[in-house]
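Overview (structure and organization)
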Amino acid sequence: VLEAVREGVQSRRFSSSDAALLSALALPVAAALSNSARVAEAERLSQTDDLTKLHNARYLRQYLVNELKRARRYGSQVTAFFLDLDDFKQVNDRHGHLVGSHVLMEMAAVVLASVRDTDVVARYGGDEFVVVLPETDIEMGLRVAERVRERISDHAFTGGRGLRLQLTASFGVACFPAHAQSPQQLIARADTAMYEAKAARKNCVRHAAEAAQDA
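What counts, and where the lines are drawn
Residues numbered from 1 in each chain as written. Predicted model: local features only at pLDDT ≥ 70, side-chain atom pairs only at ≥ 80, totals over all residues. Heavy atoms only, no water. Helix = DSSP H or I, 4+ residues; strand = E, 2+ residues; numbered from the N terminus. Rg over C-alpha atoms; globule rule 2.2 N^0.38 Å. Buried < 20%, exposed > 50% of the residue type's maximum accessible area, 1.4 Å probe, protein only. Contact = heavy atoms within 4.5 Å. Areas by Shrake-Rupley, 256 points an atom, 1.4 Å probe, with all protein chains shown as cover. Axes fitted to C-alpha atoms, helices over the stretch in contact; angles between N-to-C directions. Parallel < 35°, antiparallel > 145°, perpendicular 65-115°, else oblique. Nonpolar A, V, L, I, M, F, W, Y, C, P; charged D, E, K, R; others polar. pLDDT = per-residue confidence, 0-100. Core = buried A, V, L, I, M, F, W, Y, C linked by side-chain atoms within 4.5 Å. Salt bridge = Lys/Arg side-chain N within 4 Å of Asp/Glu carboxyl O. Pairing = 2+ DSSP bridges.

Within the chain one finds six helices and seven strands. Counted from the first residue to the last, the chain has its helices and strands arranged as α-α-β-α-α-β-β-α-β-β-β-α-β. Taken over the C-alpha trace, the chain has a radius of gyration of 24 Å; the compact-globule value for 215 residues is 17 Å, which it surpasses by more than 25%. Relative to its full complement of 215 residues, the chain shows a buried share of 40%. When contacts within the chain are restricted to residue pairs at least 6 apart in sequence, those whose partners lie at least 24 apart make up 69%. For the chain, the accessible area works out to roughly 12300 Å², and carbon and sulfur atoms hold 53% of it.

In structure tokens form, the structure reads like this:
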């Protein structure tokens, strides 16, 4: 709807030529707004994982750049944790990839329900997820990761077929600036800690070593 208003006691009525001008302007304005909406939707889709509807790795990288800049400016901390499902390949091998895909969607819902609205959850790839906790130190980050780990372990995954699959995940936690000085380092430190959890006994949480930040 395009509306034009003249205000004031001395304002005159719109003429037929005024109406014609507004009608002529309406179509290009509508086209511009429509194009803008399509561009915005395309940008949103380019930063969203198709399966889980979480943020994807592309969004995560840009978000971390901005969040770490903000943290440097205000002297705050940012914690991130990497989680990877344990033995997820067995789900696909035993039940098929459709069940596996549904399990990943369920996993996304479990993680989202376990963190704050201000936290960012992204599917990094495959059965790997990253959670970013702004203004959060390593101690709180470890507690959140442990809470998510417990909820995953307690959850019965249906796979969309009424199954009751019990799954676990391994977690690696890292914090800016204690463990990393850049977004790439933060993800790498969390990823390394996650593999340490895998090597230990799986279904556990490990955190990055503070001495590693200069590597």
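The subject of this paragraph is the packing of helix α2 (residues 57-74) against helix α6 (residues 183-200). α6 packs onto α2 with a crossing angle of 115° between their chain directions and a minimal axis gap of 9 Å. By the angle between their axes, α2 is roughly perpendicular relative to α6. Between α2 and α6, the residues in contact are Leu60, Leu64, Val65 and Leu68 and Pro183, Leu186 and Ile187, respectively. A class-by-class count of the residues in the contact of α2 with α6 yields seven nonpolar, no polar and no charged.

Glancing now at the confidence of the model for the chain. Of all residues in the chain, 93% have pLDDT values of 70 or greater, and the mean over the chain is 90. Between residues 211-215, whose pLDDT stays under 50, and residues either more than four places distant or in other chains, the model counts eleven contacts.

Let us look at the nonpolar core. If you look at the biggest cluster of nonpolar residues, it comprises 31 residues, and the most contacted ones within it are Phe81, Leu83, Val103, Met107, Val148, Ile152 and Phe171. Contributions of two or more residues to this core are made by β1 (78-85), α3 (88-95), α4 (97-112), β3 (128-134), α5 (138-154) and β6 (169-176). Counting residues in hydrophobic clusters, the runner-up holds 20 residues, among them Tyr63, Ala122, Phe176 and Ile187.

What follows is about unusual backbone geometry. Among all residues except glycine, the phi angle is most often negative; among peptide bonds, the trans geometry is most common. Pro177 follows Phe176 through a cis peptide bond whose omega is 5°. Position of Pro177 relative to the elements: it lies in the loop between β6 and α6. Backbone geometry at Glu135 places phi at a positive 50°, although glycine is not the residue there. Turning to its location among the elements, Glu135 is positioned in the loop between β3 and α5. Not every positive phi belongs to a glycine, and Asn203 is a case in point at roughly 50°.

Attention shifts here to the pattern of salt bridges. Applying the stated criterion to the full structure yields eleven salt bridges. Between Arg12 and Asp18 there is a salt bridge; the shortest N-O distance is 3.6 Å. Residue Arg12 is classed as exposed on the basis of its relative accessible area, which comes to 52%. A relative accessible area of 18% places Asp18 in the buried class. The salt bridge involving Arg116 is made with Asp119; its shortest N-O contact spans 2.7 Å. Residue classification places Arg116 among the partly exposed positions, given a relative accessible area of 39%. Under the relative-accessibility criterion, Asp119 is labelled buried at 9%.

Among the secondary structure elements, Asp49 is positioned in the loop between α1 (16-46) and α2. Not counting residues within four places of it along the chain, the set of residues in contact with Asp49 comprises Leu54, His55, Asn56 and Arg123.

What follows is about the pairing of strand β2 (residues 120-125). Working note: regular strand, side chains alternate between the two faces of the sheet. As paired strands, β2 and β3 are joined by five bridges and run antiparallel to one another. Following the sheet pairing, Val121 is matched in β3 by Val131. The hairpin turn running from β2 into β3, its antiparallel successor, is two residues long, and Gly126 in that turn takes a positive phi close to 55°.

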